[in-house]
Amino acid sequence: MSFVDNHDENSWNGTVKGRLGKAEEAMTALSYMMPGMPLIYSGNEYGLSHSLKFFEKDSILKTKGSDWELRAKLGKLKTENKALSGGKNAASYKRIITSNDEQILAFEREKDGEKIIYLANLSEDQVDNFKLDFDDIYKNYMNPDEVFKGQVSFELQPWEYYVFVKVK
């Protein structure tokens, strides 16, 4: 399992927003895209804004908002797209070498013709003129109106990420 937060982290080191700041969404998406299963810790899905008491009962306000929507959208992709499947017949994982591996993480997951590419600037600095070659037609899962094919140039803001899904 991969996680961006859990009970120990939240109680002893602060909330996920406090620890990760602007990187939280890119890291959350990464936990869904990489091999394995994402851990959704009690409160993450509701945008928990305080550290929980470790040995005492503490309440979580159950108000659905943007944190809920993000995890629901990523969870839907995780369960419906074979490129993110795990287990005995897991989807493949292939790191995509970039011109800037110090700041950029890119990898492809694939199974039975379904492909997903995760691309992220995992730094506090903007990355200019980054290029990625798409061998098929892909949609930006988080913004399906954006379609990509061939060589595409990106200007990636700090902690900006993409989840590309191959069009069938």
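The structure contained in this document is the topic of the report that follows.

What counts and what doesn't
- Residues numbered from 1 in each chain as written.
- Predicted model: local features only at pLDDT ≥ 70, side-chain atom pairs only at ≥ 80, totals over all residues.
- Heavy atoms only, no water.
- Phe/Tyr/Trp six-rings, centres within 6.5 Å; stacked < 30°, edge-to-face > 60°.
- Buried < 20%, exposed > 50% of the residue type's maximum accessible area, 1.4 Å probe, protein only.
- Axes fitted to C-alpha atoms, helices over the stretch in contact; angles between N-to-C directions.
- Helix = DSSP H or I, 4+ residues; strand = E, 2+ residues; numbered from the N terminus.
- Parallel < 35°, antiparallel > 145°, perpendicular 65-115°, else oblique.
- Left-handed = near helix turned anticlockwise from the far one by under 90°.
- Contact = heavy atoms within 4.5 Å.
- Nonpolar A, V, L, I, M, F, W, Y, C, P; charged D, E, K, R; others polar.
- Pairing = 2+ DSSP bridges.
- Expected span 1.5 Å × (residues − 1).
- Arc of directions from axis to C-beta.

### Here we look at the packing of aromatic side chains
For the structure on display, the rule yields 13 aromatic pairs. Here Phe134 and Tyr138 contribute two aromatic rings whose centre-to-centre distance is 5.4 Å and whose plane-to-plane angle is 50°, an arrangement assigned as tilted. Residues Phe134 and Tyr138 agree in their burial class; the two are buried. Joined through ring pairs, the aromatic side chains of Phe134, Tyr138, Phe148, Phe154, Tyr162 and Phe164 make up one cluster.

### Concerning the packing of helix H3 (residues 24–33) against helix H4 (residues 66–80)
In helix packing, the relevant descriptors are the interaxial angle and the interaxial distance, both defined with respect to the helix axes. Taken N-terminus to C-terminus, the directions of H3 and H4 make an angle of 25°; their axes are 10 Å apart at the nearest point. The angle between H3 and H4 places the two elements in the roughly parallel class. The way H3 lies across H4 gives a crossing that is right-handed. Here Glu24, Glu25, Thr28, Ala29, Tyr32 and Met33 of H3 lie close against H4, whose contacting residues are Asp67, Leu70, Arg71, Leu74, Gly75, Leu77 and Lys78. Classifying every residue of the contact of H3 with H4 gives six nonpolar, two polar and five charged.

### Focus on the pairing of strand E2 (residues 104–111)
Successive residues of a regular strand alternate their side chains across the two faces of the sheet. In terms of residue burial, E2 counts as a mostly covered element, since six of its eight residues are buried. Relative to E2, strand E1 (residues 92–95) is paired through four bridges, and the arrangement is antiparallel. Note on E2: the bridge partner recorded for Ser92 is Glu110. Two elements, E2 and strand E3 (residues 114–121), share eight bridges in a ladder whose sense is antiparallel. Bridge pairing in E3 links Glu110 to Lys115. With antiparallel pairing between neighbouring strands as the criterion, E2 and E3 make up a hairpin whose turn holds two residues, including Asp112 at a positive phi of roughly 50°.

### Topic: H4
Over its 15 residues, H4 runs 21 Å from end to end, which matches the ideal 21 Å to within 8%, given 1.5 Å per residue. All buried positions along H4 are accounted for by Asp67, Leu70, Arg71, Leu74, Leu77 and Lys78. Looking straight down H4, one finds that the buried residues subtend no more than 125° of arc, so they occupy a single side. Across H4 from its buried face, at more than 90 degrees, point the exposed residues Glu69, Thr79 and Glu80.

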